[in-house]
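A look at the structure
Given next are the chains, with one letter for each unit.
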Amino acid sequence: GLWDMHVHLAEPDLIKHLAAGVTMVRDMGNAPDELDRMHKEVASGALVGPGILRAGFIDQAGPLETPMGILVDDLDGALVAVDEYAGRGYQQIKLYGAIAPEWVEPIAKRTHELGMRLSGHIPMTGTTEQAIRSGYDEVQHFIYMWLNFADHPITSELTFNTARIARNTPADSADIRGLEQLFLDQDAALDPTLTIYSELLASKPGELKRSY
């Protein structure tokens, strides 16, 4: 069957994935108790659905937080959250945009010691290059190839400036090629989620998006 490498599951989604031929999914952020329940019930046959790989979602509490997974106040709290997800049998840790860039390296160390991958959004006050050099195994969303070159800090990842940055930094530019080489050198993956961002990057001032 097919794999969907980036989902945020709700119970009604499970049968829909199977109907589409998707027999394995990777949940990239969810309420842990609810995700663990679905994982257990699919494994036991109580629910019909695809196999589920789980990524544990961690963000820093505060004005930029995303209320999902486990919210932490400091680095020690983040390391405790990594330990908790490992104890639940998760395969991966996913960091989000409010995380302090200087936390990434110690979080990566703990995550790797426990046999899990580390991935995520790029911290809003950091850069893609910084995250990969600090231990990211994977970056979610291909917009970070361009937001690496944005003015920092960015206060929202869903900014219309992304299209402008992309137009001013072509895919074959030295900047993008250099970042691609860093991914290769560090054996890091890119989870592109193209359907979310294709219209955003192709949008032009004064023109309606095709979806409208």
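First, a word on scope: everything that follows refers to the structure included in this document. Predicted model, so just to flag it, every value in this text is computed and none were measured.

Procedures and definitions
- Residues numbered from 1 in each chain as written.
- Predicted model: local features only at pLDDT ≥ 70, side-chain atom pairs only at ≥ 80, totals over all residues.
- Heavy atoms only, no water.
- Helix = DSSP H or I, 4+ residues; strand = E, 2+ residues; numbered from the N terminus.
- Buried < 20%, exposed > 50% of the residue type's maximum accessible area, 1.4 Å probe, protein only.
- Contact = heavy atoms within 4.5 Å.
- Areas by Shrake-Rupley, 256 points an atom, 1.4 Å probe, with all protein chains shown as cover.
- Lys, Arg positive; Asp, Glu negative; His and termini not counted.
- Charge placed at Lys NZ, Arg CZ, Asp CG, Glu CD.
- Salt bridge = Lys/Arg side-chain N within 4 Å of Asp/Glu carboxyl O.
- Patch = residues over 30% accessible without salt bridge, like charges linked within 9 Å, V, L, I, M, F, W, Y side chains within 5 Å.

Considerations on the overall build of the protein
- Assigned secondary structure in the protein consists of nine helices and eight strands.
- Oriented by its inertia axes, the alpha-carbon framework of the protein measures out at about 50 × 40 × 35 Å.
- Within the protein, the proportion of its 212 residues that are buried is 46%.
- Long-range contacts, defined as pairs at least 24 residues apart, comprise 63% of the intrachain contacts of the protein with a sequence gap of at least 6.
- Carbon and sulfur atoms make up 54% of the accessible area of the protein, which amounts to about 10,700 Å² in all.
- Considering the protein, the positive charge centre built from 17 side chains and the negative charge centre built from 31 side chains are found 5 Å apart.

Examining the pattern of salt bridges
- According to the stated counting rule, one finds 14 salt bridges in the structure shown.
- Among the ionic pairs, Arg 88 bridges to Asp 36, the shortest N-O distance being 2.4 Å. Taken together, the residues span a long stretch of sequence, with Arg 88 in the loop between α3 (75-87) and β5 (92-95) and Asp 36 in helix α2 (residues 32-44) at a distance of 52 residues.
- Of the charged contacts in the structure, one is a salt bridge between Arg 110 and Asp 83, with a shortest N-O distance of 2.9 Å. Taken as a pair, Arg 110 in helix α4 (residues 104-113) and Asp 83 in helix α3 lie far apart in primary sequence, 27 residues in all.
- Residue class for Arg 110 comes out partly exposed when judged on its relative accessible area of 25%.
- Counted as one network, the salt bridges with shared partners bring together Asp 33, Asp 36, Arg 54, Glu 84 and Arg 88.

With respect to a nonpolar patch on the surface
- Residues Ile 15, Leu 18 and Val 48 make up a contiguous nonpolar surface patch of about 250 Å² in total accessible area.
- Relative to the assigned elements, Val 48 resides in the loop between α2 and β3 (51-60).
- Overall, the relative accessible area of 53% leaves Val 48 in the exposed class.

Just geometry here; none of it tells us what the structure is for.
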